[in-house]
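Coordinates in review
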Amino acid sequence: MIFSVNQEDAKLERLPEEEFTKLDILEREDLQEWAIEEPQVLGEELLVITSEYAKFADLRERLDIMAIDPDGKLVVAELKRDKADRTTDLQAIKYASYCATLTAEEVQKDYREFWSDRKDDDLTPEEVGETFAEFLNQSVIDDVPYMDDGWANFELDDTPRILLVAGSFGPEITSPVMWLIEEYDMDITCTRIQAYKHRNRVILNSQQVIPIPEAEEYLTKRRAKQEKQKQSSVTFTLPALLDRGVLEPDDIVIFDESKVPEGADREWDLDDDYWRARVTGETGQQNNLEWLHNGELYSFTGLTREILYQQVGRDKNDPLNGYAYWTHPSFDHRTLLSLREADVTGEDRTNG
């Protein structure tokens with residue numbers, strides 16, 4: 001239920017739900033466009049890659065919206081203005097199977113093509129890569145560098161998520177969806193979107209109906225466990241750099257001058273301890289970087305967030321790749337992120 005309260009007399013007014021058709025709201029021209037510009041209309045935080053996607057070999061079908069979530073999962077979204085028809089779930093599963101072979105570079109190229117055309121501005125690979133790196137959670141990007149040509153270098157799971165969004169869902173959808181979730185652990189979400197009219201405005205309300213919140217918590221924990229097991233063999237940035245001798249205990253790293261944000265309160269100075277940190281070499285703990293400015297220990301990401309917060313008030317919860325902000329003097333001040341993937345070892349050190 002949606003209610004409106006008049007603050008003058010504290011009178012409560014219930015807003016009746018309206019049909020999208022009666023409000024002259026169209027599926028593609030209105031609902032889909034709103035979702036592209038503000039993805040949270042779909043009920044969650046997403047980065048829209050493209051819309052009306054039709055790059056399926058020998059097929060003329062079009063996917064309503066392709067997006068990615070902060071965990072790096074490709075999301076196939078099907079929108080129905082009114083009640084989801086009996087083939088909506090099958091249609092989405094089919095699209096998910098088509099998208100399962102896409103790579104991170106391919107979806108970034110699709111993003112570039114779609115948004116360059118939409119904004120009438122030719123986005124560069126570097127701009128697209130930065131957008132993805134900033135959007136994705138730290139667990140996805142912390143140890144994943146950019147490719148040489150600018151794209152963010154991360155791997156997509158080969159099982160895209162499915163998001164069904166509609167005015168309502170009948171048992172012909174809810175029953176098979178619940179069965180697929182419970183029996184095959186398929187990642188499918190059904191979100192109901194409702195419209196209400198209040199004076200001269202239309203109010204939209206998105207609510208996840210499947211899985212129900214209680215079940216979602218359980219499923220999230222189970223998937224997190226599976227993901228952790230799958231990634232257990234990944235070699236992360238700090239251990240890799242230490243193993244190769246690119247980093248050694250007590251090495252001094254420098255904050256990248258080019259990453260100092262415009263409007264920073266403090267001027268960058270190579271010899272200023274504010275912009276310098278010492279690598280402890282401890283890999284068994286999260287905080288392995290001593291900030292020479294105050295002697296406190298941080299992670300690479302944590303210290304980067306602290307500096308950006310102090311200088312320009314950047315939200316500490318916003319994702320970033322800490323290794324992209326620190327350079328090594330003994331490797332021509334290249335970032336640790338680039339050194340992670342480069343074919344260099346401790347033998348390539350210079351005097352800095």
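Please refer to the structure placed before this passage.
An account of the accompanying structure is given in this report. On a predicted model such as this, the values are computed, not experimentally measured, just so you know.

To continue, consider the overall build of the chain. Across its full length, the chain holds 10 helices and 15 strands. If you line up the chain on its principal axes, its C-alpha atoms span 70 × 60 × 45 Å. Each of the 352 residues in the chain was classed as buried or not, and the buried ones make up 46%. When contacts within the chain are restricted to residue pairs at least 6 apart in sequence, those whose partners lie at least 24 apart make up 56%. For the chain, the distance from the average position of its 39 positive side-chain charges to the average position of its 77 negative side-chain charges is 6 Å.

Here we take up the environment of isoleucine 252. As for its position among the elements, isoleucine 252 is in strand β10 (residues 252-255). The spacing of isoleucine 252 and isoleucine 307 is 55 residues in sequence and 17 Å in space, taken between C-alpha atoms. For isoleucine 252, the residues in contact, after removing those within four places along its chain, are Arg276, Ala277, Arg278, Leu292 and Pro329.

Take the packing of aromatic side chains next. Scanning all chains against the criterion turns up 13 aromatic pairs. An angle of 75° between the planes, with centres 5.8 Å apart, marks the rings of tryptophan 291 and tyrosine 298 as edge-to-face. Residue classification places tryptophan 291 among the buried positions, given a relative accessible area of 0%. Residue classification places tyrosine 298 among the buried residues on the basis of a relative accessible area of 17%. An aromatic cluster is present here, built from Phe255, Tyr274, Trp275, Trp291, Tyr298, Tyr325 and Trp326 joined pairwise through their rings. Sitting over the face of the ring of tyrosine 325, lysine 259 holds its NZ or CZ atom 4.8 Å from the ring centroid. Looking at lysine 316, its charged tip hangs above the ring of tyrosine 309, at a distance of 4.7 Å from the centre.

How each quantity is defined
- Residues numbered from 1 in each chain as written.
- Predicted model: local features only at pLDDT ≥ 70, side-chain atom pairs only at ≥ 80, totals over all residues.
- Heavy atoms only, no water.
- Helix = DSSP H or I, 4+ residues; strand = E, 2+ residues; numbered from the N terminus.
- Buried < 20%, exposed > 50% of the residue type's maximum accessible area, 1.4 Å probe, protein only.
- Contact = heavy atoms within 4.5 Å.
- Lys, Arg positive; Asp, Glu negative; His and termini not counted.
- Charge placed at Lys NZ, Arg CZ, Asp CG, Glu CD.
- Phe/Tyr/Trp six-rings, centres within 6.5 Å; stacked < 30°, edge-to-face > 60°.
- Lys NZ or Arg CZ within 6 Å of the ring centre and 35° of its normal.

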